[in-house]
Amino acid sequence: MVWAEEVAAVKDNLQAIDFKSDKPILAMKNLCKNYQLGTVEVQALRNINLIINEGDDVAIVGPSGSGKSTLLNMIGCLDRPSSGKYHLGGQDVSKLDDDNLSLIRGARIGFVFQSFNLISQLNIIENIEIPMYYQGLSEHNSLERARELAALVGLGDRTKHRPSELSGGQQQRVAIARALSNDPLIVLADEPTGNLDSESGADILKILDKLHQEGKTLITVTHDDNIAAHSERIIRLFDGEIEKQEYKQSN
Ligand code: ADP
Ligand code: MG
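Owing to the predicted nature of the structure, the values given are computational and were not obtained by experimental measurement. (Residues numbered from 1 in each chain as written. Chains lettered and ligands numbered in written order. Predicted model: local features only at pLDDT ≥ 70, side-chain atom pairs only at ≥ 80, totals over all residues.)

A. Geometry of the sheet that holds strand β4 (residues 83–88). Judged by pairing direction, the sheet is antiparallel, and its 4 strands sit side by side in the order β2-β1-β4-β5 without closing on themselves. Strands with a single pairing partner mark the edges of an open sheet, and in this sheet they are β2 (40–53) and β5 (91–92). The pairing of strand β1 (residues 24–37) with β4 spans 5 bridges and is antiparallel. Residue pairing in the sheet places Ala27 in a bridge with His87 of β4. Lying on the sheet, helix α2 (residues 68–75) is in contact with β1, β2 and β4; it crosses β2 at an angle near 55°. (Pairing = 2+ DSSP bridges. Helix = DSSP H or I, 4+ residues; strand = E, 2+ residues; numbered from the N terminus. Contact = placed C-beta atoms within 7 Å. Axes fitted to C-alpha atoms, helices over the stretch in contact; angles between N-to-C directions.)

The structure is reproduced here in structure tokens:
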């Protein structure tokens, strides 16, 4: 099925709430993910039907074990569904092999993790440059862009420092700059403030809010309703299913 028909088919399964904007960048249809744990099968995601539109600012919330990270990893092409469909940016990515998934990831996804995941031997600029290196950008261009991104997250004066010389909040800002370096279709953040004190956490949320205001599509996983309140759209998971979705009134 072509993209337009695929989206129309997903729409048939959904409520009008999913179509505030009409520029879908991803669609999931009856998507399931099972994990085999010994003899037990865990249904981490069950019949997910979801459309996310360009410029959306989404929080995925739910109790621990409800499938938030599994859903985010699926959106970010870190994993494949056990059944069902996933289209990202007009392409069916449900059945791609690992190499092709990683190509898509490199080109379209920016990841921010709770634990920052910076490379300790590299300085700030080098960490930010990694995705551009894999995209084959010239050294000159990637250096220039990495400097701009460091400045964007407020670290323009610290480019030679290594991660161990930075606070947690500063490390997460490097991770955000790195996530932006391939100019991704979507920025995905899994508990981005989970390892931070409340002040640095608030700084990170401000940067993410700003990205959304500038038009980036942002999906944040959190177990914290106060953090979810920053987002315009909230998707609530329970036991691997979408329990509820809400749009906040825009202010
Ligand atoms: P959350 O992020 O909401 O805490 P997860 O998506 O991490 O939830 O996990 C959802 C369910 O899937 C849990 O029951 C978890 O134990 C299980 N699960 C997640 N990843 C794996 C895995 N790699 N192998 C087996 N079970 C997993
Ligand atoms: Mg999780």
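B. Seen up close, the sheet that holds strand β7 (residues 186–190). With respect to topology, 6 strands assemble into an open sheet ordered β6-β7-β8-β3-β9-β10, the strand pairing being mixed. With one partner strand each, in any of the chains shown, β6 (109–113) and β10 (241–247) form the two edges of the open sheet. Direction aside, the axes of adjacent strands within the sheet are offset by 15° on average. Strand direction decides the pairing type here: strand β3 (residues 57–61) and strand β8 (residues 217–221), joined by 4 bridges, are parallel. Looking at β8, one finds that Ala59 is bridged to Thr220. Running over the sheet, helix α6 (residues 168–180) touches β6 and β7 and is turned about 165° from β6.

C. Main features of the packing of α6 against helix α7 (residues 198–213). Running from N to C, α6 and α7 point in directions that differ by 20°, and their axes come no closer than 9 Å. Of the possible angle classes, the one that applies to α6 and α7 is roughly parallel. As α6 packs across α7, the resulting crossing turns out to be right-handed. Along the contact surface, α6 presents Gly168, Gly169, Gln172, Arg173 and Ile176, while α7 presents Ser200, Asp203, Ile204 and Ile207. (Parallel < 35°, antiparallel > 145°, perpendicular 65-115°, else oblique. Left-handed = near helix turned anticlockwise from the far one by under 90°.)

D. Quick peek at the nonpolar core. Core analysis: the biggest nonpolar cluster contains 58 residues, and Ile60, Ala150, Leu188 and Ile219 have the highest contact counts within it. With residues near it in sequence (within four places) discarded, Ala150 still touches Ile124, Ile125, Ile128, Leu155, Gly156, Thr159 and Ala177. (Core = buried A, V, L, I, M, F, W, Y, C linked by C-beta atoms within 7 Å. Buried ≥ 20, exposed ≤ 12 C-beta atoms within 10 Å, placed from the backbone.)

E. Broad picture of the pairing of strand β9 (residues 233–238). Of the two faces of β9, the one holding Arg233, Ile235 and Leu237 is buried and the one holding Ile234, Arg236 and Phe238 is not buried anywhere. Alignment of β3 against β9, held across 4 bridges, turns out to be parallel. Looking at β9, one finds that Ile60 is bridged to Ile235. Where β9 meets β10, 6 bridges bridge the pair, whose relative direction is antiparallel. Opposite Arg236, over in β10, you have Lys244 as the bridge partner.

F. Focus on helix α5 (residues 139–152). Here α5 contains 14 residues, and its C-alpha end-to-end distance of 20 Å stays within 8% of the 20 Å for a straight helix at 1.5 Å per residue. Among the residues of α5, those classed as buried are Ser142, Ala146, Leu149 and Ala150. In an axial view of α5, the angular spread of the buried residues amounts to 100°, which keeps them on one side of the axis. The exposed set on the far side of α5, more than 90 degrees from its buried face, consists of His140, Asn141 and Glu144. Backbone geometry just after α5 places Gly154 at a positive phi near 80°. (Expected span 1.5 Å × (residues − 1). Arc of directions from axis to C-beta.)

Read these as geometric descriptors, not functional statements.
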